[in-house]
Amino acid sequence: MLRTPVGQRRLDILEWLRDPAAHFPAHRHLAEAGVSAEAVAAKLGVSRQVADTHLELLVSLGLLRTRRIRLRTYYRRDEVRIAEVARMFEKGW
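This structure is a prediction, so every number in the text was calculated from the model and none was measured.

Criteria and thresholds
- Residues numbered from 1 in each chain as written.
- Predicted model: local features only at pLDDT ≥ 70, side-chain atom pairs only at ≥ 80, totals over all residues.
- Heavy atoms only, no water.
- Helix = DSSP H or I, 4+ residues; strand = E, 2+ residues; numbered from the N terminus.
- Buried < 20%, exposed > 50% of the residue type's maximum accessible area, 1.4 Å probe, protein only.
- Polar contact = N/O pair within 3.5 Å; in protein donor to acceptor, adjacent residues only side chain to side chain.
- pLDDT = per-residue confidence, 0-100.
- Pairing = 2+ DSSP bridges.

**Looking at the side chain of His54**
Inspection of the secondary structure puts His54 in helix H4 (residues 48-60). The exposure class assigned to His54 is buried, which follows from its relative accessible area of 4%. Polar side-chain contacts of His54 include one of 3.2 Å to the side chain of Arg10.

**Here's the deal with the confidence of the model for the protein**
Per-residue confidence for the protein averages 86 on the pLDDT scale, and 87% of its residues sit at or above 70. The lowest-confidence element of the protein is helix H5 (residues 79-90), averaging 86 in pLDDT; the highest-confidence one is H4, averaging 95.

**Quick word on the pairing of strand E3 (residues 72-77)**
Strand direction decides the pairing type here: strand E1 (residues 35-36) and E3, joined by two bridges, are antiparallel. Residue pairing across strands places Val35 opposite Tyr75, the latter belonging to E3. In this sheet, E3 lies alongside strand E2 (residues 64-69) in antiparallel orientation, the contact comprising six bridges. In the sheet register, Arg65 faces E3, and the bridge partner there is Arg76. Between E2 and E3, which pair antiparallel in sequence order, lie two residues; one of them, Arg70, sits at a positive phi of approximately 55 degrees.

Quick look at the structure:
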């Protein structure tokens, strides 16, 4: 799922969220909360709906966590789950 051409965008999102302050400097003050779908969409150069689709898939896989603040949802990596998935692939899953 992450090895398709569209999957590269998801891998990019995961990489950017590893260090959100470096990749989303305008959102530096929200580092603990995460990054909004709007910021991800702008960085990907796609519509908000397309970014939402990528983000929702990563959330459903457990690779991202969400935090709701007022009307916005913020996304950040779930490092524990990412490590679990990496171990599964290392074992040949």
